[in-house]
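These are the residues of each chain, in order.
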Amino acid sequence: MLTIKQAQFVISSTDYKKGPQDRKPEFAFIGRSNVGKSSLINMLTGNKKLAKISGTPGKTRLINHFIINEQWYLVDLPGYGFAKASKKDRASWEKFIVDYLTKSESLVNLFVLVDSRLEPQKIDIEFINWCGEKQIPFSIIFTKLDKLSGSEYARNLTRYKKELTKTWATIPPVFGTSSTSAHGRESVLNYIDEILKSISL
Ligand code: GDP
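Residues numbered from 1 in each chain as written. Predicted model: local features only at pLDDT ≥ 70, side-chain atom pairs only at ≥ 80, totals over all residues. Heavy atoms only, no water.

### Details of the overall build of the protein
Turning to step 1, where the next piece is worked out: When helices and strands are counted, the protein shows five helices and seven strands.
Turning to step 2, where the next piece is worked out: Looking at the protein as a whole, 48% of its 201 residues are labelled buried.
Turning to step 3, where the next piece is worked out: Sequence separation of 24 or more characterises 75% of the internal contacts of the protein that already satisfy a separation of 6 or more.
Turning to step 4, where the next piece is worked out: Accessible surface for the protein amounts to roughly 10700 Å². Of this, 50% is attributable to carbon and sulfur atoms. (Helix = DSSP H or I, 4+ residues; strand = E, 2+ residues; numbered from the N terminus. Buried < 20%, exposed > 50% of the residue type's maximum accessible area, 1.4 Å probe, protein only. Contact = heavy atoms within 4.5 Å. Areas by Shrake-Rupley, 256 points an atom, 1.4 Å probe, with all protein chains shown as cover.)

Structure below.
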């Protein structure tokens, strides 16, 4: 399994061009605000304070780069809960996320976080479909698995897959995680490791 020996904050930006330019592979994380993104990043890296807890002013609307093992970047993207934002607000801060996702040449995988307790949410499905259309390499991480039983998770997972097969013939990789129990940590880190190895071949 991939061992995280070092995880360090590098830079916050609103313009992907101002982020690191050394072409190291980037693994980005996105999801609706409160989905458990900061907790997951901290759980994966084994650093309780790496990602700022939500509610920290400003930070949540920036692209945050962290360098891992001096080898790759973990990229914490702002949440996309734009439903309540005004069109103008949405457009401006959405643009830099869209630019990053569609133009960054270093992005090798986007993890789209989804709350495992909820039925498929329109906003998540729309975002996932958009990633597919734009051919952004992505996978799905279900969060907060500890909050529901195995059978409830199985049911929700089936619903999600059913929803996605309406649009897509193949479903991207899916991981179930819990930041409180660290469930899924190994699977996600192994997946990152596999991608890193395939790049360095
Ligand atoms: P973010 O806004 O997506 O970065 O979400 P946070 O990581 O700040 O988490 C939002 C809330 O959900 C916090 O109160 C966390 O303690 C809680 N939370 C996050 N992940 C988990 C999890 O895996 N299990 C449980 N039970 N609670 C979680």
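### Things to note about helix H1 (residues 37-45)
Turning to step 1, where the next piece is worked out: A large share of H1 lies buried, amounting to eight of its nine residues.
Turning to step 2, where the next piece is worked out: Looking at H1, one finds that the buried residues are Lys-37, Ser-38, Leu-40, Ile-41, Asn-42, Met-43, Leu-44 and Thr-45.
Turning to step 3, where the next piece is worked out: A positive phi of about 70 degrees marks Gly-46, the residue just after H1.

### Section: the packing of aromatic side chains
Turning to step 1, where the next piece is worked out: All told, the structure shown has nine aromatic pairs when counted by the stated rule.
Turning to step 2, where the next piece is worked out: Considering the side-chain rings of Phe-111 and Tyr-191, the 6.0 Å spacing of their centres and the 65 degrees angle between planes classify their relative orientation as edge-to-face. You can see Phe-111 sitting in strand S5 (residues 107-115) and its partner Tyr-191 sitting in helix H5 (residues 185-200), a full 80 residues away along the chain. For the pair shown, Phe-111 and Tyr-191 are each scored as buried.
Turning to step 3, where the next piece is worked out: Following the ring pairs from residue to residue traces out a cluster consisting of Phe-29, Phe-111, Phe-175 and Tyr-191. (Phe/Tyr/Trp six-rings, centres within 6.5 Å; stacked < 30°, edge-to-face > 60°.)

### Digging into the sheet that holds S5
Within a beta sheet, neighbouring strands are joined by backbone hydrogen bonds and run either parallel or antiparallel to one another.
Turning to step 1, where the next piece is worked out: The strand order S1-S3-S4-S2-S5-S6-S7 describes an open sheet built from seven strands, whose pairing is mixed. The open sheet has two free edges, formed respectively by strand S1 (7-13) and strand S7 (174-176), since each of these has just one partner strand. Mean inter-strand twist for the sheet, computed between neighbouring axes without regard to direction, equals 25 degrees.
Turning to step 2, where the next piece is worked out: As paired strands, strand S3 (residues 63-68) and strand S4 (residues 72-76) are joined by five bridges and run antiparallel to one another. (Pairing = 2+ DSSP bridges. Axes fitted to C-alpha atoms, helices over the stretch in contact; angles between N-to-C directions.)

### Notes on the site of the ligand
Turning to step 1, where the next piece is worked out: The immediate surroundings of the ligand are formed by 14 residues, with Lys-37, Ser-38, Ser-39, Asp-146 and Ser-179 found nearest.
Turning to step 2, where the next piece is worked out: Contact with the protein chains covers 76% of the free accessible surface of the ligand, which is 580 Å².
Turning to step 3, where the next piece is worked out: For the shell around the ligand, the per-class residue count stands at one nonpolar, nine polar and four charged. (Near = heavy atom within 4 Å. Nonpolar A, V, L, I, M, F, W, Y, C, P; charged D, E, K, R; others polar.)

### Regarding the nonpolar core
The nonpolar side chains of soluble globular proteins are, as a tendency, buried together.
Turning to step 1, where the next piece is worked out: Counting 33 residues, the largest nonpolar core has Ile-30, Leu-77, Tyr-100, Leu-101, Leu-110 and Phe-127 as the members making the most contacts within it.
Turning to step 2, where the next piece is worked out: Elements supplying a minimum of two residues to this core: strand S2 (26-31), S3, S4, helix H2 (87-103), S5, helix H3 (122-133), strand S6 (138-143) and helix H4 (150-165).
Turning to step 3, where the next piece is worked out: Broken down by element, this core gets its largest block of residues, six residues, from H3.
Turning to step 4, where the next piece is worked out: The contacts of Leu-77, once residues within four sequence positions are left out, are Ala-28, Phe-29, Ile-30, Lys-37, Leu-62, Ile-63, Tyr-100, Leu-101 and Leu-110. (Core = buried A, V, L, I, M, F, W, Y, C linked by side-chain atoms within 4.5 Å.)

### Things to note about H5
Turning to step 1, where the next piece is worked out: Given a rise of 1.5 Å per residue, 16 residues ought to cover 22 Å, and the 23 Å separating the end C-alpha atoms of H5 matches this to within 8%.
Turning to step 2, where the next piece is worked out: Those residues of H5 lying buried are Val-188, Leu-189, Tyr-191, Ile-192, Asp-193, Ile-195 and Leu-196.
Turning to step 3, where the next piece is worked out: Those residues of H5 that are buried lie in contact with S2, H1, S4, S5, S6 and S7. (Expected span 1.5 Å × (residues − 1).)

### A closer look at the environment of Phe-96
Turning to step 1, where the next piece is worked out: Tracing the chain through its elements places Phe-96 in helix H2.
Turning to step 2, where the next piece is worked out: It is 8.6 Å that separates the C-alpha atoms of Phe-96 and Ile-63, two residues lying 33 residues apart in sequence.
Turning to step 3, where the next piece is worked out: In this view, Phe-96 contacts Thr-14, Arg-61, Leu-62, Ile-63 and Pro-78; residues no more than four positions away in its chain are not counted.

### Notes on the packing of H1 against H5
Turning to step 1, where the next piece is worked out: In the contact formed by H1 and H5, the axes pass within 10 Å of each other and the chain directions differ by 75 degrees. As judged from the angle between their axes, H1 and H5 are roughly perpendicular. The residues of H5 that touch H1, namely those facing Met-43, Leu-44 and Thr-45, are Arg-185, Val-188 and Leu-189.
Turning to step 2, where the next piece is worked out: When grouped by side-chain class, the residues that make up the contact of H1 with H5 number four nonpolar, one polar and one charged. (Parallel < 35°, antiparallel > 145°, perpendicular 65-115°, else oblique.)

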